[in-house]
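For reference, the chains in residue letters:
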Amino acid sequence: MADIRVTIDNITVTVPEGTTLLDAAHKAGIEIPTLCYLRGINEIAACRICVCEVEGARALVAACVYPCTDGMVAHTNTPKLNDYRRKTLQLIISDHNMDCLACVRNNNCELQDLCERYGVTQSDYYAGKKNEFAIDESSASIVRDNNKCILCRRCVGACENYQSVAVIGANERGFDTYIGSAFGMNLADTSCVNCGQCISACPVGALHEQDAVKAVQAAINDPDKYVIVQPAPSVRAGLGEPFGIPMGVDVEGKMAAALRRLGFDKVFDTNFSADLTILEEATELIQRVTTGGTLPLITSCSPGWIKFCEHYFPDMIPNLSSCKSPQQMFGAVAKSYFAEKMGIDKEKIVCVSVMPCTAKKFEVGRDDQDANGVPDVDYSLTTRELARMIKEAGIDFANLADEGYDDPMGEGTGAAVIFGATGGVMEAALRTAVYKITGTDVPDDALDFVDVRGTEGIKEASYKVGDLDVNVAVASGLANARKLLEMVRSGEKNYTFIEIMACPGGCVNGGGQPIVPSSVKNFTDVRGLRAKALYNLDANNPKRRSHDNESVKKLYAEYLGEPGSEKAHHLLHTTYVERLVNQNEE
Amino acid sequence: MKVSTVPFNGTKEQEAKLLEVIKEHKGEKGALMPIMQAAQDIYGYLPYQVQKIISDETGIPIEKIYGVATFYAQFSMSPKGKYVVSVCLGTACYVKGSGNVLEEVEDCLGIKDGECTADGKFSIETCRCVGACGLAPVMIVDGDVYGKMTPDMVAGILAKYE
């Protein structure tokens, strides 16, 4: 496309034709304020915060969607514009719960930031009617408080465009408008998959996770409880952000130190059970390939994806790996192997996970996730909740000295840590499957399966493993998963093994990760940066194959026997249920 | 938008008609509005069961359909009763106290404007000027016009339709 020249606030920049005024201004070093705009997800020009003046234009334009033309002259920062923006903000806060002090998004709220930028104070609202909404706490994962909703529809865009789930939308009209589900259904009664991308999209405090911080703190402070913790791979790629550490820097060592200071009795690592998952799943894959089992095998680590499959692709439930997710495998092993080894009553063990995920909160309560007669995992925290706990405890996170993880469930290989990036589970499984099928390890210099790396929504690759042709596909974001599975369903595509992650880019971009404001998100490759932290950890780990994890080997030798053994099946595998769409009949 | 508690009584014939309409619009962009309009013609309103058929057949998420149904005044989620009670809220009627008449009707029937009683007998709607301002305030029941209404007349009139 041809390049054009535009002049914005007296700065001339050259941009490709069709560039929006917002992007051209960004190139000129000017940040036009936005509120409803989320690139690729919500481009509806509804909030009017980004209005600008274009010379010769009939009216003010919305910079987020306005395409530049050659020779265009625009102004983004005039007294008139700022007055309009102030008025818009005043109108928004006039029907907004202004109880900011203890709001989960205080100091991390785009509305608050804009009010500060334009000098709108809490008393600048227009007196009049205010909507009053009941808070929807029905979901195991997500809480909606419409009293704080500003109707930007970013959550609606995320639910529909990232995930093709679309269980939330704008209901009613005018002042009565609210974001909710059909027929006033509670979120828990819909086919919501609990991914939490709506929370990540929300500019304010209208959406947040079901908070388990208090329950976890109570367990830690209970002398009768033995509280162990397992952070997921992606947590170390995001936890630094709330403490001012740049995006994409891994904080694995600081995280271990902080968890220990918070008072957990053992600081373990979900990487341990990620390696365990690979051994079970690779075994399952080989079994299915050699015995004519249901193919393609599809990964089961992502509970958002699992619920999506149960609602929208119930015919493909037999394709799902029966492996529990690493979170659940960890809990099942902790309350059997570890409990017996340590001589601790399994009832006394409280297993806490820290996940980049909100769907994990739903997963802990699923059926068939209690192999030892007690829940495998008791509480699942998001990365955000852990950050809040660290802040409340007054831990100077950014300056903590690195620490390691405890035995016997703290060791993880490079294959485990890349679980957090889309394609990572596939890559880890391939590294082990090649060994299991051919008896020979992939050479160290060929361990990077680059075809399945990267943040594209759908990736494909073919590998020759021994005599086998292995066709694989990787999808992240459920809209991409839907596209891929429809091709599989119709027979258009044939694969041996598929990895699906509910969140776009995988867990590093999960719905439980630290909130990234749209002013950053719209111009940053969040997924790519966070994933890089994990791939670096993998590259620098002397062990990069799950089957080389000494602690996992020991677990099999001392307790489980072989991968896929009866005992392994009892502890580490699960079942799924068919669920309906639009089910709320009565 | 009020969602009716009146049990759904859709027939096989109605469903066949609706499916036919959906088939006609298959693959068409912007088909939701005409389908919803046809569905309302067929059933008289758009209860959950009807929206579910549209959703299942078109693949359009039910929330989207519900969002449209609650946005446009032309769509109703409540059936019409056997007797429609219509209270005029036009200027003349309103200044003569039709607001109080409406309130009395709502109290008597235990439902709000736009709703239908659980037994399907009465539904309430409001209208703007029926051209009988000399009789203000005006109430219409099943086509019968009642003029110079006061709240205390409401119960007696409704009783005639029991």
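Residues numbered from 1 in each chain as written. Chains lettered and ligands numbered in written order. Predicted model: local features only at pLDDT ≥ 70, side-chain atom pairs only at ≥ 80, totals over all residues. Heavy atoms only, no water.

Points about the overall build of chain A
For chain A, the count of helices and strands is 19 helices and 17 strands. In terms of overall dimensions, chain A is globule-like: its C-alpha atoms have a radius of gyration of 25 Å, near the 25 Å expected for 586 residues. Dimensions of chain A, computed from the C-alpha atoms along their principal axes, are close to 75 × 55 × 55 Å. Counting all 586 residues of chain A, 61% fall into the buried class. Across chain A, the fraction of contacts at a sequence separation of at least 24, relative to all contacts at a separation of at least 6, is 75%. As displayed, chain A offers around 22,400 Å² of accessible surface, 48% of which is attributable to carbon and sulfur atoms. Taking the 58 positively charged and 79 negatively charged side chains of chain A as two groups, their mean positions are separated by 3 Å. (Helix = DSSP H or I, 4+ residues; strand = E, 2+ residues; numbered from the N terminus. Rg over C-alpha atoms; globule rule 2.2 N^0.38 Å. Buried < 20%, exposed > 50% of the residue type's maximum accessible area, 1.4 Å probe, protein only. Contact = heavy atoms within 4.5 Å. Areas by Shrake-Rupley, 256 points an atom, 1.4 Å probe, with all protein chains shown as cover. Lys, Arg positive; Asp, Glu negative; His and termini not counted. Charge placed at Lys NZ, Arg CZ, Asp CG, Glu CD.)

Topic: the packing of helix α8 (residues 270–291) of chain A against helix α10 (residues 326–342) of chain A
Residues and elements named next belong to chain A. Orientation of α8 relative to α10, taken along the N-to-C sense of each, is 100°, at an axis distance of 8 Å. As far as their axial angle goes, α10 and α8 are roughly perpendicular. Facing Thr270, Phe272, Ser273, Ala274, Leu276, Thr277 and Glu280 of α8, the residues of α10 in contact are Pro326, Gln327, Met329, Phe330 and Val333. Residue composition of the contact of α8 with α10, grouped by class: seven nonpolar, four polar and one charged. (Axes fitted to C-alpha atoms, helices over the stretch in contact; angles between N-to-C directions. Parallel < 35°, antiparallel > 145°, perpendicular 65-115°, else oblique. Nonpolar A, V, L, I, M, F, W, Y, C, P; charged D, E, K, R; others polar.)

Quick look at the confidence of the model for chain B
Taken residue by residue, chain B gives an average pLDDT of 92. The fraction at 70 or more is 98%. For this predicted complex, the interface confidence comes out at an ipTM of 0.90, alongside a pTM of 0.93. (pLDDT = per-residue confidence, 0-100.)

Focus on the sheet that holds strand β14 (residues 379–382) of chain A
Residues and elements named next belong to chain A. Spatial ordering of the open sheet is given by β11-β10-β13-β14, a layout of four strands whose pairing is parallel. In this open sheet, the two edge strands, each paired with only one partner strand, are β11 (266–267) and β14. Strands β13 (349–355) and β14 of the sheet are contacted by helix α12 (residues 383–392), whose axis makes an angle of about 85° with β14. (Pairing = 2+ DSSP bridges.)

Structural notes on the environment of A:Ser138
Residue and element names in this part refer to chain A. Structurally, Ser138 is set in the loop between α3 (110–117) and β6 (142–144). Its relative accessible area of 32% is what places Ser138 among the partly exposed residues. Separated by 303 residues in sequence, Ser138 and Asp441 have C-alpha atoms that sit 48 Å apart. Not counting residues up to four positions away in its chain, the partners in contact with Ser138 are Asn186, Leu187 and Ala188. In this structure the side chain of Ser138 is engaged in a polar contact, spanning 2.6 Å, whose partner is the side chain of Asp136. At a separation of 3.4 Å, a polar atom in the side chain of Ser138 contacts the main-chain amide nitrogen of Leu187. (Polar contact = N/O pair within 3.5 Å; in protein donor to acceptor, adjacent residues only side chain to side chain.)

Comments concerning the pattern of salt bridges
Within this structure, the stated rule accounts for 41 salt bridges over all chains. Among the ionic pairs, A:Lys553 bridges to A:Glu550, the shortest N-O distance being 3.4 Å. Placement of both A:Lys553 and A:Glu550 in helix α18 (residues 550–560) is noted, with a separation of three residues, approximately one turn of the helix. On the accessibility criterion, A:Lys553 (39% relative accessible area) is partly exposed. Of the charged contacts, one joins B:Lys112 and B:Glu106 as a salt bridge, the two residues approaching to 3.8 Å between their closest N and O atoms. By relative accessible area, which is 48% here, B:Lys112 ends up partly exposed. Overlapping salt bridges bring together A:Glu427, A:Arg431, A:Asp448, A:Arg453, A:Asp538 and A:Arg544 as one network. (Salt bridge = Lys/Arg side-chain N within 4 Å of Asp/Glu carboxyl O.)

Comments concerning the pairing of strand β1 (residues 83–88) of chain B
All names here are of chain B. Counting buried positions along β1 gives six out of six residues, so the element sits mostly inside the fold. The side-chain alternation of β1 yields two buried faces, one formed by Tyr83, Val85 and Val87 and the other by Val84, Ser86 and Cys88. Bridging between β1 and strand β2 (residues 122–127) involves six bridges; their strand directions are parallel. Residue Ser86 lies in a different strand from β2, and its bridge partner there is Glu125. In terms of strand pairing, β1 meets strand β3 (residues 139–141) through three bridges, oriented antiparallel. Pairing of Val85 across the sheet is with Val141, part of β3.

Overview of the sheet that holds strand β17 (residues 497–501) of chain A
All names here are of chain A. What the four strands build is an open sheet, ordered β12-β17-β16-β15; its pairing is mixed. Looking along the sheet, the strands with just one partner apiece sit at the ends: β12 (297–298) and β15 (458–465). Bridge analysis of β12 against β17 gives two bridges, and the strand direction is parallel. When the sheet's bridge partners are listed, Leu297 is paired in β17 with Phe497. Packed on one face of the sheet, helix α15 (residues 478–489) meets β12, β15, β16 (468–476) and β17 and runs near 145° to β16.

A closer look at the domain arrangement of chain A
Residues and elements named next belong to chain A. What the domain assignment reports for chain A is domain 1 (3–77), domain 2 (90–209) and domain 3 (214–572). Its C-alpha centre places domain 1 at a distance of 26 Å from the equivalent point of domain 2. Domain 1 puts twelve residues into the contact, and the matching count from domain 2 is 16 residues. When the buried surface of domain 1 facing domain 2 is broken down by residue, Leu35, Leu38 and Ile41 rank first, second and third, together holding 54% of it. The interface formed by domain 1 and domain 2 contains one salt bridge. One salt bridge in this structure joins Arg117 and Glu31, with 3.9 Å as the shortest N-O distance. Where domain 1 meets domain 2, there are four residue pairs in polar contact (both at pLDDT 80 or more). (Domains from an automatic or database assignment. Buried area = accessible area lost by both parts, 1.4 Å probe.)

Structural notes on the packing of aromatic side chains
Summed over all chains, the structure comprises 17 aromatic pairs over all chains. Geometrically, the ring pair formed by B:Phe8 and B:Tyr43 is tilted, given 5.8 Å between the ring centres and 35° between the ring planes. With B:Phe8 in the segment before α1 (12–24) and B:Tyr43 in helix α2 (residues 32–43), this pair connects stretches of sequence that are 35 residues apart. Look at B:Tyr43 and you get buried, because its relative accessible area is 10%. Among the aromatic residues, those joined into a cluster by ring pairs are A:Tyr226, A:Phe268, A:Phe330 and A:Phe338. When the ring centre of A:Phe362 is taken as reference, the NZ or CZ atom of A:Lys307 above it lies at 5.4 Å. The residue whose ring lies beneath A:Lys567 is A:Tyr559, and the NZ or CZ to ring-centre distance is 3.7 Å. (Phe/Tyr/Trp six-rings, centres within 6.5 Å; stacked < 30°, edge-to-face > 60°. Lys NZ or Arg CZ within 6 Å of the ring centre and 35° of its normal.)

Observations regarding α12(A)
Counted residue by residue, α12(A) has seven buried out of ten residues, so it is predominantly covered. Among the residues of α12(A), A:Thr383, A:Arg384, A:Glu385, A:Leu386, A:Ala387, A:Met389 and A:Ile390 are the ones counted as buried.

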